[in-house]
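What follows is the residue order along each chain.
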Amino acid sequence: MSNLKQKIARLKKELNAVIVAHNYQRPEVQDIADITGDSLELARRCTEIDADVVVFCGVHFMAETAAILNPERTVLLSEGTAGCPMADMIDADDLQRWKRQYPQAAVVCYVNTTAAVKAESDICCTSANGVKVVNSLDDEEILFIPDKNLGHYVSTKTSKRVILYPGFCPPHQRLKAEQVALAKQLHPDARVIVHPECTAEVIALADAALSTSQMIRYARESQAKTFLVGTEEGLLHPLRQNNPEKAFYPISNSLVCLDMKKTTLETIAQTMELRQNVVTVPEEVRIKAKQAVDRMLAIA
Ligand code: 13P
Ligand code: SF4
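Residues numbered from 1 in each chain as written. Chains lettered and ligands numbered in written order. Predicted model: local features only at pLDDT ≥ 70, side-chain atom pairs only at ≥ 80, totals over all residues. Heavy atoms only, no water.

Peer 1: Can you tell me about the site of ligand 2, naming the residues and giving the values?
Peer 2: Taken together, Tyr-24, Val-59, Cys-84, Pro-85, Met-86, Asn-112, Cys-169, Glu-197, Cys-257 and Met-260 make up the full set of residues near ligand 2. By residue class, the composition of the shell around ligand 2 is eight nonpolar, one polar and one charged. (Near = heavy atom within 4 Å. Nonpolar A, V, L, I, M, F, W, Y, C, P; charged D, E, K, R; others polar.)

Okay, here's the thing in structure tokens:
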């Protein structure tokens, strides 16, 4: 074991910590984590944690969700500056303005939002359950924030009127339908799996639009031997690890989330050693945000 890995293992014992990592993290970070998964799985697993400290390897809103669900534990973000550009596209004031414009609509917020925005929302969703969440509501009008692409994808799977906020994920937005078409020409037998944060034009060319962990399951269960992957490159690691006999090709080399890549073994060790990057949520915000997250988790 490298010195750094030994140090992290020692700090984990000293802190009684659990290391949680999103599927987009660097391979070596995913490999030392106790729990990996997509946003929904990580939120669920964060309700079952039995440790004093949660070291969250991901971006700020994810660590905040862990803090919302674990007020009695210390949550450390593995790299203090790792944020989500899409989550930064809406704040609580923006949402209040939109709510005034559409007072009859229920607010469904993608988990990629700040705690303050969740606190202003009726229910949360992730890419794994957006359709289920929207269809679970009695309301006929939905204000879907902040991802216009996921919101549009959900709108194609429901009879409800979905009002879209104009946010997006920069890496997924960059992926073009022409790149998918070209990759399909090069690998005509491949299954195309993309994330619903991709544009409607990209999703239209795919065999399936899935959350990151749903992609891992889809690849495992599929008879296909080759897959074209339209999501952040970090997912290639668990896809290949889980399916050593299958081939996975990124549709584009620019599917990189720079914030997800900020965490390294070095930043994890430093964060743990200095007990820094503590993520906290003011109690009145936490209670309201937790209601939106709990409502989502209550949906099977
Ligand atoms: P999922 O792993 O939930 O599909 O999330 C994708 C994502 O962009 C997280 O920031
Ligand atoms: Fe945000 Fe996109 Fe990065 Fe996910 S991949 S953290 S949505 S910018």
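Read on for the rest.
Peer 1: Hey, could you go over unusual backbone geometry for me, with residue numbers and the actual values?
Peer 2: Here the residue pair Ile-145 and Pro-146 is connected by a cis peptide bond, since its omega of -15° sits within 30 degrees of zero. Its location among the elements puts Pro-146 in the loop between strand E7 (141-145) and helix H8 (148-155). Phi angles above zero are rare outside glycine, and Arg-275 is one such case at about 45°. Inspection of the secondary structure assignment puts Arg-275 in the loop between helix H14 (265-274) and helix H15 (283-298). Judged by relative accessible area, which is 43%, Arg-275 ranks as partly exposed. (Helix = DSSP H or I, 4+ residues; strand = E, 2+ residues; numbered from the N terminus. Buried < 20%, exposed > 50% of the residue type's maximum accessible area, 1.4 Å probe, protein only.)

Peer 1: Which residues make up the pairing of strand E1 (residues 17-22), and what values do they have?
Peer 2: A large share of E1 lies buried, amounting to six of its six residues. Residues Ala-17, Ile-19 and Ala-21 of E1 are buried on one face, and the alternating residues Val-18, Val-20 and His-22, pointing to the opposite face, are buried as well. Bridging between E1 and strand E3 (residues 53-57) involves five bridges; their strand directions are parallel. Bridge pairing in E3 links Val-20 to Phe-56. Handedness of the crossover joining E1 and strand E2 (residues 35-37) through helix H2 (residues 27-32) is recorded here as right-handed. (Pairing = 2+ DSSP bridges. Right-handed = clockwise from strand over helix to strand, strands pointing away.)

Peer 1: If you had to explain the packing of helix H1 (residues 3-15) against H14 to someone new, which residues and values would you point to?
Peer 2: The relative placement of two packed helices is expressed as an angle between their axes plus a distance between the axes. Orientation of H1 relative to H14, taken along the N-to-C sense of each, is 30°, at an axis distance of 10 Å. Taken together, the axes of H1 and H14 lie roughly parallel to each other. Remark: the crossing between H1 and H14 carries left-handed chirality. Judged by residue contacts, Leu-4, Lys-5, Lys-7, Ile-8, Leu-11, Lys-12 and Leu-15 of H1 engage Leu-265, Glu-266, Ile-268, Ala-269, Met-272 and Glu-273 from H14. For the contact of H1 with H14, the class distribution of residues is eight nonpolar, no polar and five charged. (Axes fitted to C-alpha atoms, helices over the stretch in contact; angles between N-to-C directions. Parallel < 35°, antiparallel > 145°, perpendicular 65-115°, else oblique. Left-handed = near helix turned anticlockwise from the far one by under 90°. Contact = heavy atoms within 4.5 Å.)

Peer 1: So what about the site of ligand 1? Which residues, and what values?
Peer 2: Surveying the vicinity of ligand 1 reveals 13 residues, the closest of which are His-22, Ser-39, Ser-127, His-195 and Thr-212. His-22 is positioned such that a nitrogen or oxygen atom in its side chain is 2.7 Å from an oxygen atom of ligand 1. Asn-112 places a polar side-chain atom, nitrogen or oxygen, 3.3 Å from an oxygen atom of ligand 1. Relative to its unbound accessible surface of 310 Å², ligand 1 loses 96% to contact with the protein. (Polar contact = N/O pair within 3.5 Å; in protein donor to acceptor, adjacent residues only side chain to side chain. Areas by Shrake-Rupley, 256 points an atom, 1.4 Å probe, with all protein chains shown as cover.)

Peer 1: Summarise the pattern of salt bridges; cite the residues concerned and give the values.
Peer 2: The tally for this structure, following the rule as stated, stands at 15 salt bridges. Across the pair Glu-72 and Arg-73 runs a salt bridge whose closest N-O atoms are separated by 3.2 Å. The exposure class of Arg-73 is partly exposed, given its relative accessible area of 21%. The closest approach of N and O atoms between Glu-232 and Lys-261, which form a salt bridge, is 2.7 Å. Highlighted residues: Glu-232 in the loop between strand E11 (226-230) and helix H13 (236-242) and Lys-261 in the loop between strand E12 (247-250) and H14, separated in sequence by 29 residues. Each member of the pair Glu-232 and Lys-261 is classed as buried. (Salt bridge = Lys/Arg side-chain N within 4 Å of Asp/Glu carboxyl O.)

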